[in-house]
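Geometric and topological summary
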Amino acid sequence: MSTMFADTILIVFISICTALLAEGITWVLVYRTDKYKRLKAEVEKQSKKLEKKKETITESAGRQQKKKIERQEEKLKNNNRDLSMVRMKSMFAIGFCFTALMGMFNSIFDGRVVAKLPFVPLSYIQGLSHRNLLGEDYTDCSFIFLYILCTMSIRQVMFIYFLYILFLPYFCD
């Protein structure tokens, strides 16, 4: 087995592990906390309440009704902001971990061709796909380009899979 193929498999494995790590950090710091659960339930409740009020309101509704709806929208906006702040600490932790990991992996794979692309990338992508590689063969692929492609696709698949796992029990009674 060639070293290029082994490096490619290793990078795919690293992508899977880092995506799982990110999901795990997010679950620990966000999704399992009581604050997140409370805020999420509050946002859902307020959204439903606001939709009902908007459906029942007529165009000739008084200023009192419109003020109530505006206050409800303001509460919903504040709760959404609080929910985003709860998620923010997870984003910082993931960013810190990935910065450290990227530094380590960049030093390991620095200057190594890890894959051969079946195409010549667009000129504005060549800087990323050919990063830290010697030569002018732009079909050579660097670690960072393959890692980004793998991570983007793996995280999407994992997102869909976890949604399927989480919401399947609601549809199969």
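For the structure, see preceding data.
Since the structure is predicted, the reported quantities are computational estimates derived from the model, not experimental observations. Residue numbering note: each chain is counted from 1, following its sequence as written. Totals for whole chains, interfaces and linings use every residue, but because this is a predicted model, local features are given only for residues with pLDDT of at least 70 and side-chain atom pairs only at 80 or more, for both listing and counting. Hydrogen atoms and water are omitted, and side-chain values are computed over all heavy atoms in the structure.

1. Re the pattern of salt bridges
- We define a salt bridge as a contact between a side-chain nitrogen of Lys or Arg and a carboxyl oxygen of Asp or Glu at a distance within 4 Å. Inspection of every chain in the model, using the stated rule, returns eight salt bridges.
- A salt bridge links Glu74 to Lys77, with the shortest nitrogen-to-oxygen separation between them at 3.8 Å. Taken together, the residues span about one helical turn, with Glu74 and Lys77 both in helix H3 (residues 63-109) at a distance of three residues.
- For the exposure calls, accessible area comes from a 1.4 Å probe over protein chains only, and a residue counts as buried if that area is under 20% of its type's maximum, exposed if over 50%, partly exposed in between. For Lys77, a relative accessible area of 53% translates into the label exposed.
- Salt-bridge contacts for Lys116 lead to Asp137; the nearest nitrogen and oxygen are separated by 2.4 Å. Taken together, the positions of Lys116 in strand E1 (residues 115-116) and Asp137 in the loop between helix H4 (123-129) and strand E2 (140-141) put the pair 21 residues apart, joining distant regions of the chain.
- We classify Lys116 as partly exposed; its relative accessible area is 45%. The secondary structure listing takes helices from DSSP runs of H or I that are at least 4 residues long and strands from runs of E that are at least 2 residues long, numbered from the N terminus.

2. Here we look at the environment of Val120
- The residue Val120 is located in the loop between E1 and H4 in this model.
- Spatially, the C-alpha atom of Val120 lies 8.6 Å from that of Asp137, the residues being 17 residues apart in sequence.
- Residues count as neighbours in contact if any of their non-hydrogen atoms are within 4.5 Å of one another. Not counting the four nearest positions on each side in its chain, Val120 is found in contact with Gln126, Tyr138 and Thr139.

3. Some thoughts on the packing of aromatic side chains
- Only rings of Phe, Tyr and Trp enter the pairing, Trp through its six-membered ring, and a pair is recorded when the two centres are within 6.5 Å. The plane angle decides the type: under 30 degrees is stacked, over 60 is edge-to-face, the rest tilted. In total, this model carries four aromatic pairs according to the counting rule given.
- Ring geometry for Phe105 versus Phe143: centroids 6.0 Å apart, planes at 55°, classification tilted. Placement of Phe105 in helix H3 and of Phe143 in helix H5 (residues 143-171) is noted, with a sequence separation of 38 residues between them. By the burial criterion, Phe105 is buried, and Phe143 matches it.
- Relative to Phe143, the ring of Phe109 has its centre 5.0 Å away and its plane inclined at 5°; by these criteria the two rings are stacked. Residue Phe109 is found in helix H3, and its partner Phe143 is found in helix H5; the two are separated by 34 residues along the sequence. Grouping residues by exposure puts Phe109 and Phe143 together as buried.

Remember, this is a structural readout, not a statement about activity or role.
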